[in-house]
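Report on the structure
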Amino acid sequence: MSWRLNKVAETPAGRVAWGSAGAGPPLVLAHGWPWSSFSWHRVIPALAKRFAVHWYDMPGYGRSEKWADQRTGLDVQGEIFAFMLDHWRMDRPSVIAHDFGGATTLRAHLLQGCDYDCYVLMNVVAMRPWGSEFFDHVGRHLDAFVGLPPHIHEAVVRAYIRGALVNELDPEDLEALVGPWLSDEGRGSFYRQFAQADERFTAEIEPKFGNLRCPTLILWGEDDPWIPLERGCELHGLMPAAAFETLKGTGHLPQLESPDTALGHALPFLAK
């Protein structure tokens with residue numbers, strides 16, 4: 001497996017675990033919620049044959065630092081993405097972003113001034129409304145959820161992750177997605193993400209979507225249970241210069257559900 005987290009960066013939002021593989025033009029992978037950089041592990045080997053690929057676990061996620069009262073909203077994540085590009089001394093990397101990684105990297109591009117050579121947005125959170133009734137409910141009753149017994153919490157995490165999928169994952173992949181949220185610090189961080197979700201962080205960038213400064217491809221799993229295809233079409237309407245392609249038989253997590261299909265669309269675009 002090419003994916004690994006063997007390096008650490010000290011950031012304003014805490015210690016961040018990161019890794020890299022391959023050689024060539026720089027490419028950065030931005031994961032979403034409730035995932036981690038592990039979600040890219042099935043596409044990294046192919047990408048690393050052509051690019052110097054970098055990835056990291058966002059603050060509050062995966063193997064990066066987590067603590068009580070940690071700020072991990074999209075505003076912070078956009079700032080940390082820009083920080084990591086500076087840490088890696090990257091001026092114009094290509095970027096593939098998934099889920100909340102979309103809003104994170106869009107904020108870095110449109111508000112923080114980060115430039116990208118090529119940009120792939122895959123089943124992204126980018127525009128209002130987002131979240132769900134469960135999302136809102138957890139945010140309003142944070143203490144009750146943080147206090148759940150460990151086995152009930154684990155069941156919640158598993159059910160939540162499975163709700164994003166239309167294809168079965170390899171059991172080891174599922175365990176690697178669930179695992180970071182089962183420790184004491186992981187449990188607290190899992191529910192804090194709900195509480196800190198705020199649509200104003202996408203409202204700030206929505207009027208700027210027509211100002212993207214790089215070639216952009218919007219990729220969408222057609223059967224996404226979380227963010228339906230119609231939302232992808234609406235996003236494309238706000239980014240008229242972007243290309244738009246769909247992935248048949250794929251849910252919210254193309255890079256694990258249908259990695260070959262996702263690569264078959266992303267690689268030709270990145271290689272142009």
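See the structure above.
Below is a summary of the structure that appears in this document.

Cut-offs used in this document
- Residues numbered from 1 in each chain as written.
- Predicted model: local features only at pLDDT ≥ 70, side-chain atom pairs only at ≥ 80, totals over all residues.
- Heavy atoms only, no water.
- Phe/Tyr/Trp six-rings, centres within 6.5 Å; stacked < 30°, edge-to-face > 60°.
- Helix = DSSP H or I, 4+ residues; strand = E, 2+ residues; numbered from the N terminus.
- Buried < 20%, exposed > 50% of the residue type's maximum accessible area, 1.4 Å probe, protein only.
- Salt bridge = Lys/Arg side-chain N within 4 Å of Asp/Glu carboxyl O.
- Pairing = 2+ DSSP bridges.
- Axes fitted to C-alpha atoms, helices over the stretch in contact; angles between N-to-C directions.
- Contact = heavy atoms within 4.5 Å.
- Parallel < 35°, antiparallel > 145°, perpendicular 65-115°, else oblique.
- Left-handed = near helix turned anticlockwise from the far one by under 90°.
- Disulfide = S-S within 2.5 Å.
- Right-handed = clockwise from strand over helix to strand, strands pointing away.

Our focus in this paragraph is the packing of aromatic side chains. Inspection of the entire model under this criterion finds 21 aromatic pairs. On the basis of an interplanar angle of 45 degrees and a centroid distance of 4.9 Å, the ring pair of Tyr160 and Trp226 is categorised as tilted. Here Tyr160 is found in helix H6 (residues 150-162), whereas its partner Trp226 is found in the loop between strand E7 (216-221) and helix H10 (229-238), with 66 residues between them in sequence. Overall, the relative accessible area of 25% leaves Trp226 in the partly exposed class. Here the aromatic residues Trp33, Trp35, Tyr61, Phe145, Tyr160, Trp181, Phe190, Tyr191, Phe194 and Trp226 are joined through ring pairs into a cluster of three or more.

Looking now at the pattern of salt bridges. For the structure shown, the criterion picks out twelve salt bridges. The residue Arg42 makes a salt bridge to Asp173 at a minimum N-O spacing of 2.7 Å. Linking Arg42 in the loop between strand E3 (26-30) and helix H1 (44-48) with Asp173 in helix H7 (residues 171-178), this pair joins segments that are 131 residues apart in sequence. A salt bridge links Asp75 to Arg71; the nearest nitrogen and oxygen atoms lie 2.8 Å apart.

In this model, Trp33 is joined to Pro34 through a cis peptide bond whose omega is -5 degrees. Omega for the bond connecting Arg128 with Pro129 falls within 30 degrees of zero, at -10 degrees, which places this linkage in the cis form. Turning to its location among the elements, Pro129 is positioned in the loop between strand E6 (119-124) and helix H4 (133-140). Look at Asp69: it is not a glycine, yet its phi comes out positive at around 70 degrees. Within the element layout of this structure, Asp69 appears in the loop between strand E4 (52-56) and helix H2 (74-87).

Taking strand neighbours across the sheet as the criterion, the eight strands line up as E1-E2-E4-E3-E5-E6-E7-E8 in an open arrangement whose pairing is mixed. Across the chains shown, the open sheet's two edge strands, defined by having one partner strand only, are strand E1 (7-11) and strand E8 (243-247). In this sheet, neighbouring strand axes are inclined to one another by 20 degrees on average, regardless of whether the strands run parallel or antiparallel. In the sheet, E3 pairs with E4 via four bridges, with the strands oriented parallel. In the sheet register, Pro26 faces E4, and the bridge partner there is Ala52. Running over the sheet, helix H12 (residues 259-270) touches E3, strand E5 (94-99), E6, E7 and E8 and is turned about 175 degrees from E7.

This part takes up the packing of H6 against helix H8 (residues 184-196). One can describe the packing of H6 onto H8 by two numbers: an axis separation of 11 Å at closest approach and a directional angle of 50 degrees. Overall, the two elements H6 and H8 adopt an arrangement that is oblique. Crossing hand, H6 versus H8: left-handed. Within the contact between the two elements, H6 uses Pro150, His153, Val156, Val157 and Tyr160 and H8 uses Arg187, Phe190, Tyr191 and Phe194.

The term disulfide refers to a covalent linkage connecting the sulfur atoms of a pair of cysteines. All told, the structure shown has zero disulfides when counted by the stated rule. Unpaired in this structure, Cys214 has its nearest cysteine sulfur neighbour in Cys118, at a distance of 7.2 Å.

Within E7, six of the six residues are buried, leaving the element largely enclosed by the surrounding structure. Burial along E7 is two-sided: Thr216, Ile218 and Trp220 and Leu217, Leu219 and Gly221, pointing in opposite directions, are all buried. Bridging between E7 and E8 involves five bridges; their strand directions are parallel. Opposite Leu219, over in E8, you have Glu245 as the bridge partner. Taking the sense of rotation as the criterion, the β-α-β connection linking E7, H10 and E8 turns out right-handed.

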